[in-house]
Amino acid sequence: MDHLLKALDSQNEAERIYAVQDIGELNDAQYTIPLINRLKLEHSSPVRESIVFCLKNVDCKEIYDDLFQLFRSTDAYLRNAAVMVFGSDGEQAVAFLESRLDDADKEVRKLILDALYETKSDHAKQAIRVGLNDPAENVVITAVEYLGLLNDSDSAEKMLKMLQRDSTVPMLKTAILSAILEMNQSDDMSRALLLFMTDSNIQGVDTLYFPEIVQLMAKTKDKQAICDVLYTLDDISVYAEDIIRAVNIAKQRFETFLDDNQIIDILMSVIQNSNIQNSIRSNAIELLLESSVVTSEQFYQLGLKIKNDEDMIFETIRFLELSGDAAGIKEITDIMNTTKDPELRVLCEEIVNQ
């Protein structure tokens with residue numbers, strides 16, 4: 001043991017790393033105290049990472065108090081390391097962390113919730129619920145987010161009551177809506193939606209909550225109500241990502257959702273809008289191609305409308321080809337004759353010569 005402890009304090013970084021690795025192979029809890037003492041002093045990132053990896057794989061109950069003190073460190077790495085090590089100890093760490101939830105420092109209480117979440121234990125859910133009553137807003141929001149991720153449906157009733165309060169701050173409302181969505185319980189989602197709108201008119205809803213409200217509708221409302229709401233959103237460039245997410249949700253519920261003309265119009269509008277991120281437009285294209293009702297003429301017109309968008313040139317060719325029309329082939333021929341991109345020219349030639 002002495003030679004390992006000596007190497008752990010060596011001036012040579014490589015020797016310290018080897019010492020930590022050797023200690024890790026021993027998997028002996030008696031080394032946890034010198035390891036955490038070294039971690040507090042260590043400035044080398046590789047050595048720090050080796051120590052944390054080692055501590056995550058050994059029983060650390062003997063150093064819980066020392067780990068907890070790292071929550072007060074000014075060094076973000078040490079705070080995060082304590083969260084990870086506590087989390088790796090699983091159920092064993094929960095009772096210790098739960099007993100510290102009355103700490104006077106709200107930032108420490110937030111880190112306790114982080115560590116409880118990392119344990120992924122059933123008991124942790126009960127401990128995290130305590131955070132719903134915390135006087136600090138950031139702690140409550142953290143508790144809500146983690147309970148949603150842990151699918152703690154038993155906390156939904158409490159969250160819905162919090163959602164009803166006029167005094168509830170917007171960030172907390174958003175977190176609650178996201179948590180209710182994560183839990184994916186139909187009754188809870190419907191109740192949450194009713195707190196914001198009683199019919200399918202989304203125009204009166206605060207735009208801050210649009211992303212979550214649109215998803216709630218996609219998961220709970222009937223097909224026509226979803227289509228109507230998505231169709232009436234004013235600025236498609238602002239809500240494009242929310243629209244595509246909602247369409248993806250709704251298509252799982254309704255077999256013919258992508259065959260609705262309103263949805264086809266929406267997808268085509270997203271694809272044509274150059275102000276929308278290309279990744280979102282690409283998602284819209286894939287959804288459009290899943291539909292069984294898009295006509296050859298629609299494909300042709302869509303190809304023409306995005307023809308001058310350099311970011312969509314390959315998609316342009318794809319739509320023109322799908323049109324199956326001589327006019328579409330002529331457009332592809334024009335692209336082939338004018339492009340300086342050899343890859344694009346080869347693609348066009350293959351289509352034209354079919």
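The structure displayed is predicted, hence computed values, not measured ones.

*Asks:* Tell me about the nonpolar core, and name the residues and values.
*Replies:* Phe 71 and Leu 230 are the most contacted members of the largest nonpolar core, which has 117 residues in total. Ranked by residue count, the leading element in this core is helix 16 (residues 236–253), at nine residues. Among the domains, domain 1 (197–293) and domain 2 (295–354) are the pair contributing at least three residues each to this core. Once residues lying within four places of it in the same chain are set aside, the contact partners of Phe 71 are Arg 79, Ala 82, Val 83, Phe 86, Leu 97, Val 108, Leu 111, Ile 112 and Ala 115. The next biggest cluster of nonpolar side chains, apart from the first, holds 10 residues, and it includes Ile 317, Ile 332, Ile 335 and Cys 348.

*Asks:* Tell me about the domain arrangement of the chain, residues and numbers included.
*Replies:* As assigned here, the chain comprises domain 1 (197–293) and domain 2 (295–354). Just the C-alpha atoms count here: the centres of domain 1 and domain 2 sit 27 Å apart. On the domain 2 side, the residues contacting the 13 residues of domain 1 number 13 residues. When the two sides are added together, the surface that domain 1 and domain 2 hide from each other amounts to roughly 1100 Å², 65% of it contributed by carbon and sulfur. One can count two salt bridges joining domain 1 with domain 2. Between Arg 318 and Glu 286 there is a salt bridge; the shortest N-O distance is 3.3 Å. Here domain 1 and domain 2 share four residue pairs in polar contact (both at pLDDT 80 or more) between them.

*Asks:* Any details on the environment of Ser 155? Residues and values, ideally.
*Replies:* Position of Ser 155 relative to the elements: it lies in the loop between helix 10 (137–149) and helix 11 (156–164). Ser 155 gets classed as buried once you look at its relative accessible area, which sits at 2%. It is 55 Å that separates the C-alpha atoms of Ser 155 and Leu 347, two residues lying 192 residues apart in sequence. Among residues more than four places away in sequence, those in contact with Ser 155 are Arg 129, Leu 132, Leu 147 and Met 183.

*Asks:* Account for the pattern of salt bridges, naming residues and giving values.
*Replies:* What the rule picks out here adds up to 20 salt bridges. Here Lys 251 ties to Glu 290 by a salt bridge, and the two come within 3.0 Å at their closest N and O atoms. Here Lys 251 is found in helix 16, whereas its partner Glu 290 is found in helix 18 (residues 278–290), with 39 residues between them in sequence. Each of Asp 9, Arg 16, Arg 38 and Glu 42 takes part in salt bridges that share partners, so that together they form one network.

*Asks:* Mind laying out helix 20 (residues 313–322), listing which residues take part and the relevant values?
*Replies:* Listing the buried residues of helix 20 in full gives Ile 313, Glu 315, Thr 316, Ile 317, Phe 319 and Leu 320. Looking at the packing, one finds that the buried side of helix 20 touches helix 17 (261–272), helix 18, helix 19 (296–305), helix 21 (326–338) and helix 22 (342–352). Phi for Gly 324, located one or two positions after helix 20, is positive at around 60°.

*Asks:* How would you summarise the packing of aromatic side chains if you had to cite specific residues and measurements?
*Replies:* For any pair of aromatic rings, the description rests on two quantities: the centre-to-centre distance and the angle between the ring planes. For the structure on display, the rule yields 11 aromatic pairs. On the basis of an interplanar angle of 5° and a centroid distance of 4.4 Å, the ring pair of Tyr 117 and Tyr 146 is categorised as stacked. In this pair, Tyr 117 is assigned in helix 8 (residues 106–119) and Tyr 146 in helix 10, connecting sequence segments 29 residues apart. Residues Phe 299 and Phe 319 carry aromatic rings whose centres are separated by 5.9 Å and whose planes lie at 20° to one another, so their mutual orientation is stacked. With Phe 299 in helix 19 and Phe 319 in helix 20, the pair connects residues that are 20 residues apart, well separated along the chain.

Rules used in this analysis
Residues numbered from 1 in each chain as written. Predicted model: local features only at pLDDT ≥ 70, side-chain atom pairs only at ≥ 80, totals over all residues. Heavy atoms only, no water. Core = buried A, V, L, I, M, F, W, Y, C linked by side-chain atoms within 4.5 Å. Buried < 20%, exposed > 50% of the residue type's maximum accessible area, 1.4 Å probe, protein only. Helix = DSSP H or I, 4+ residues; strand = E, 2+ residues; numbered from the N terminus. Domains from an automatic or database assignment. Contact = heavy atoms within 4.5 Å. Buried area = accessible area lost by both parts, 1.4 Å probe. Salt bridge = Lys/Arg side-chain N within 4 Å of Asp/Glu carboxyl O. Polar contact = N/O pair within 3.5 Å; in protein donor to acceptor, adjacent residues only side chain to side chain. Phe/Tyr/Trp six-rings, centres within 6.5 Å; stacked < 30°, edge-to-face > 60°.

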